[in-house]
Amino acid sequence: MFRNQYDTDCITWSPAGRIHQIEYAMEAVKQGSAAVGLRSKTHALVASIKKSSNELSSYQKKIFKIDEHMGIAIAGLVPDGRVLAKYMRSECLNYRFVYDGPLQVGRLVAQVADKSQLGTQRAGHRPYGVGLLVAGYDQTGPHIFQTCPSGNFWEYHAFAIGSRSQAARTYLERRFEAFEELPLDELVMHALLSLRETLAAGAELTTSNVALGYVTAGGTFTVLEDEAVQPYLDMIGQADAPGAPGAAAQMEE
Amino acid sequence: MASIGTGYDQSTSTFSPDGRIFQVEYAVKAVDTSGSTAIGVKCVDGVVLAVEKSLVSKMMVHNTHKRIFHLDEHIGMAVSGVQADARNVMNRGRGEATQYRSTYGDAIPGDVIATRLAGYMHLHTMYWWLRPFGTSVLIGSYDQDGPQLHDVDPSGLSYRHFAAAVGKAKTAAKSQLEKLPLSTLTCRQAVPELAKIMYSIHDDLKEKTFEIEISWVCEESGKKHTHIPADLLTSAVAAGKAAKEAEE
Amino acid sequence: MFAQPADDPRKNTLRPMVTGTSAIGIKYKGGVMVATDTIACYGNWIRYKDVQRIHAVSKDTLIAMNGEMSDYQKVLQILEQKRLAEYCVDDGSTQTSAELHSYLTRVMYQKRCKFDPLWNMLLVGGFRNGEAYLGYTDLYGTHFEDNFLATGLGMYMALPLMRNQWTPEMSEADARALLQMALKICYYRDTRASNKVQIARVDASGVHIDEPITLQGEWNHARFVEGGAKSGDGGW
């Protein structure tokens, strides 16, 4: 349906000044299950939906701890995400060896973006088919960054990527200004409620299809999975009374 | 562009029968359609650079998505076009500045870094396994010979300017820059003028929210490239908005 | 590459040529202060009489040197390049003194492992968020912190004095007095030390490197005037 003579590699510009291969790689991110990231004054948090390929398989790993002060959620090709996670981990480790301290989150994100750009400009490579949401806490406070296959990156108060993430972004856009002052519990609830917006009709958040990771000042990046998520699922269950923010938007969908 | 689609426009290493390299032209097209404009003026006491950028989301953290970079303490680069490509050029520029310092023990002159980056961008128009950069950049510098302003485009062409504009609205911006009294203008005077130009060339119908970023390297900034002070930016933006409203 | 004869192996620096002597530093209440003299010796000859041996390497970090001057200049170049890289990134964060200290140690250790050390002992002083930092690294890549530190002959001359007199509650004036005393002791006993000294500090307001001052020595001690006891000819 897209087929044209300029779309088979990333070293050919189309007459309109586009590189279709990069755009297709961005499409891979949109196919991946959703991830959200948000921050308060004290915490940065990422959460994501995990898929399993069939009933007998495990759920894919979508949240990766990078260092004590940083973690990522990915959407898109999970193997590509693993490659970038490995790169980020080794950069952080290397920084700790040389400087005996944590690497600034924004500096690492820029490095990842610049690394991604290289794959978009030469023959024999392809762009990464993965987008990252990076949550970290460093000298300049909590951060949420997004990277994408084109080699672009942005810093957000809150954001969502992946399939049907527009619904989560809409949820977040309406509320993010209040996130600054929230305690961790409520931040987690907003993460889960925004994630729920991305689910297909009839699907529900469960302890096996959702994972969270958060970090605070001087704290360790903590991943919450499986039973650890249950208390928060219970909390949003109660918040789910008629007229509650989550319920309405889901009905629209 | 009669040769589009005839097979002569698919590789940087292919000339068309009428002597053109279409891939480079398409890269220039990418700069012009990418939605941002960068302008710069060389004043009597320094150089001022400005970019406009549209905000993709209101959830973005203010002031984090930079389009003006430092290449060295005395050199700034304002970019238009594909942001990721621009960062690649930026990294090369920083590398050149570093290498020049370690070889010659002194800061790299503005014309040298402009020439080297032009060479780097030109290199990407020479081989089939690379593609031209989708970015045009402005380089503002202050060295022993005083302030200088250069541009570099995807073909590897580079010129020194009194005033220059690259990106989406470069034509409109240039015609306005020509009206400025460039032989007497100081950086402080130029700042609100550039803001006014940014507001007047901005297409409100396409993108509603945008912000402008302004930097300078001048005597007032100690011959260092820095973003202009926040209060100066605020008043420049106010001047830009006022001029736009007066126009309408 | 040629195979070199065994009696003529490849050699790197085997001894320093132009050297600065002791550097000393102490923490005090509200800052950190370091001091050196201002000469560089070629052997025992005072070859350069007006050199600066303390430099600011960031907004809140300085280093003071001992050892080979040319290697120190290389160290300064490396740190200047780091400073510029950080200027370019411009993200509102700056590396801490501890990070710069660790980085310097990595550089020193790597060079030493190539049997081509940067022949220096360095003090790193800094102050941020109400915390003073004082660290040491040297040509072997040794790395430690302390409340008061000295390099070179100062380790023998100045450290015992500081060990006796240093307290965490010292004021800036106390610290200055103690450092001047220590410098004077070094000047009396170290043939390659001078009484023209420079004191620098980092406190909440940043790095301050004072203009050099000249310390007055006391040379009218009876035994000095009397001369050597054995020969009685005024020599020792």
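In what follows, the structure referred to is the one given above.
Rules used in this analysis
Residues numbered from 1 in each chain as written. Chains lettered and ligands numbered in written order. Predicted model: local features only at pLDDT ≥ 70, side-chain atom pairs only at ≥ 80, totals over all residues. Heavy atoms only, no water. Helix = DSSP H or I, 4+ residues; strand = E, 2+ residues; numbered from the N terminus. Rg over C-alpha atoms; globule rule 2.2 N^0.38 Å. Contact = heavy atoms within 4.5 Å. Areas by Shrake-Rupley, 256 points an atom, 1.4 Å probe, with all protein chains shown as cover. Lys, Arg positive; Asp, Glu negative; His and termini not counted. Charge placed at Lys NZ, Arg CZ, Asp CG, Glu CD. Core = buried A, V, L, I, M, F, W, Y, C linked by side-chain atoms within 4.5 Å. Buried < 20%, exposed > 50% of the residue type's maximum accessible area, 1.4 Å probe, protein only. Buried area = accessible area lost by both parts, 1.4 Å probe. Salt bridge = Lys/Arg side-chain N within 4 Å of Asp/Glu carboxyl O. Polar contact = N/O pair within 3.5 Å; in protein donor to acceptor, adjacent residues only side chain to side chain. Nonpolar A, V, L, I, M, F, W, Y, C, P; charged D, E, K, R; others polar. Pairing = 2+ DSSP bridges. Axes fitted to C-alpha atoms, helices over the stretch in contact; angles between N-to-C directions. Parallel < 35°, antiparallel > 145°, perpendicular 65-115°, else oblique. Left-handed = near helix turned anticlockwise from the far one by under 90°. Bend = angle between axes of the 7 residues up to and from the residue. Phe/Tyr/Trp six-rings, centres within 6.5 Å; stacked < 30°, edge-to-face > 60°. Lys NZ or Arg CZ within 6 Å of the ring centre and 35° of its normal.

Caption draft 1: Quick look at the overall build of chain B. Within chain B one finds 6 helices and 10 strands. Relative to the compact-globule value of 18 Å for 248 residues, chain B shows a C-alpha radius of gyration of 18 Å, a close match. Taken along the three principal axes of its C-alpha coordinates, chain B extends 50 × 50 × 40 Å. The contacts in chain B between residues at least 6 apart in sequence include a share of 64% that link residues at least 24 apart. Carbon together with sulfur atoms contributes 53% to the accessible area of chain B, which is approximately 10300 Å² in total. Side-chain charges of chain B comprise 26 positive and 29 negative groups, with the mean position of each set lying 3 Å from the other.

Caption draft 2: Seen up close, the nonpolar core. By size, the foremost hydrophobic cluster in this structure holds 53 residues, and its most contacted members are Leu 38, Leu 45 and Leu 192 of chain A. Sort the elements by how many residues they give to this core and helix H5 (residues 184-196) of chain A lands first, with 8 residues. Those residues in contact with Leu 45 of chain A that lie beyond four places of it in its chain are Val 36, Gly 37, Leu 38, Ala 135, Ile 144, Leu 184, Leu 187, Val 188, Ala 191, Leu 212, Gly 213 and Tyr 214 of chain A. Counting residues in each nonpolar core, the second largest holds 45 residues, with Ile 66, Leu 132 and Val 134 of chain A together with Val 51 of chain C among its members.

Caption draft 3: Just the interface of chain B and chain A, in detail. Contact residues are listed per partner, giving 33 residues for chain B and 35 residues for chain A. Summing both partners gives a buried area of about 2800 Å² for chain B against chain A, and 55% of it is carried by carbon and sulfur. Across the contact surface, chain B and chain A share 1 salt bridge. Here Asp 114 of chain A and Arg 87 of chain B are joined by a salt bridge, their closest N and O atoms 2.8 Å apart. At the boundary of chain B with chain A, the tally comes to 15 residue pairs in polar contact (both at pLDDT 80 or more). Elements that contribute at least two residues to the side of chain B that touches chain A include exactly helix H1 (22-33) and helix H2 (83-104) of chain B. For the side of chain B that touches chain A, a count of residues per class yields 15 nonpolar, 12 polar and 6 charged.

Caption draft 4: How the structure looks around the sheet that holds strand S4 (residues 70-76) of chain A. Residues and elements named next belong to chain A. Ordered in space as S3-S4-S5-S6-S7, the 5 strands form an open sheet in which the pairing is antiparallel. Each edge of the open sheet carries a strand with a single partner, namely strand S3 (63-67) and strand S7 (153-156). Direction aside, the axes of adjacent strands within the sheet are offset by 25 degrees on average. With 7 bridges joining them, S4 and strand S5 (residues 130-138) adopt antiparallel strand pairing.

Caption draft 5: Quick peek at the packing of helix H2 (residues 78-99) of chain A against helix H3 (residues 105-118) of chain A. All names here are of chain A. Interaxial distance between H2 and H3 falls to 11 Å at its minimum, and their mutual angle equals 135 degrees. By the angle between their directions, the pair H2 and H3 is classed as oblique. Seen along the crossing, H2 lies across H3 with a hand that is right-handed. Counted together, Leu 84, Tyr 87, Met 88, Glu 91 and Cys 92 of H2 and Leu 108, Gln 111, Val 112 and Lys 115 of H3 form the full contact between these two elements.

Caption draft 6: Structural detail: the sheet that holds strand S10 (residues 225-227) of chain B. Residue and element names in this part refer to chain B. Across the sheet, 5 strands lie side by side as S8-S1-S2-S9-S10; this open sheet has antiparallel pairing. Only two strands of the sheet have a single partner each, and these edge strands are strand S8 (163-167) and S10. Direction aside, neighbouring strands of the sheet carry axes that sit 15 degrees apart on average. For strand S2 (residues 46-54) and strand S9 (residues 210-218), the ladder comprises 9 bridges, and the chain directions are antiparallel. Across the sheet, residue Ser 54 finds its bridge partner in S9, namely Phe 210.

Caption draft 7: How the structure looks around the pattern of salt bridges. Scanning the model with the defined rule gives 36 salt bridges over all chains in all. Close ionic contact of Arg 18 of chain A with Glu 23 of chain A constitutes a salt bridge, the shortest N to O distance being 2.8 Å. Across the pair Glu 73 of chain B and Arg 83 of chain C runs a salt bridge whose closest N-O atoms are separated by 3.0 Å. Here the residue Glu 73 of chain B occupies a position in the loop between strand S3 (68-72) and strand S4 (75-81), and Arg 83 of chain C occupies one in helix H1 (residues 69-89), the pair thus bridging two chains. Given the relative accessible area of 28%, Arg 83 of chain C is considered partly exposed. One salt-bridge network, in which partners are shared between bridges, spans Glu 172, Arg 176, Arg 201, Asp 203 and Asp 210 of chain C.

Caption draft 8: Just the interface of chain C and chain A, in detail. Taken together, the contact between chain C and chain A spans 15 residues of the former and 11 residues of the latter. Here chain C and chain A share an interface that buries about 1000 Å² over both sides, 41% of which is from carbon and sulfur atoms. Together, Ser 93, Glu 99 and Arg 106 of chain C form the three largest contributors to the area buried by chain C at its contact with chain A, with a combined 43%. Applying the counting rule to chain C against chain A returns 2 salt bridges. Among the salt bridges present, the one from Glu 86 of chain C reaches Arg 107 of chain A, with a minimum N-O distance of 3.0 Å.

Caption draft 9: Fine view of helix H4 (residues 165-179) of chain A. Glu 173 of chain A marks where H4 of chain A bends most, by close to 45 degrees. Here H4 of chain A has its buried residues at Ser 165, Ala 168, Arg 169, Tyr 171, Leu 172, Arg 175, Phe 176 and Phe 179 of chain A.

Caption draft 10: Looking closely at the packing of aromatic side chains. One pass over the structure, following the stated rule, counts 16 aromatic pairs over all chains. Look at Tyr 42 of chain C and Trp 45 of chain C: their rings are 6.1 Å apart centre to centre, the planes differ by 85 degrees, and that puts the pair in the edge-to-face class. The interplanar angle of 25 degrees and the centroid separation of 6.3 Å between the aromatic rings of Tyr 187 of chain C and Tyr 188 of chain C together place this pair among those described as stacked. Taken together, the ring pairs connect Tyr 6 of chain A together with Phe 22 and Tyr 26 of chain B into an aromatic cluster. Over the face of the ring belonging to Tyr 171 of chain A we find Arg 175 of chain A, whose NZ or CZ atom lies 3.8 Å from the ring centre. Positioned above the aromatic ring of Tyr 103 of chain C is the side chain of Lys 82 of chain C, whose terminal nitrogen or guanidinium carbon lies 4.4 Å from the ring centre.

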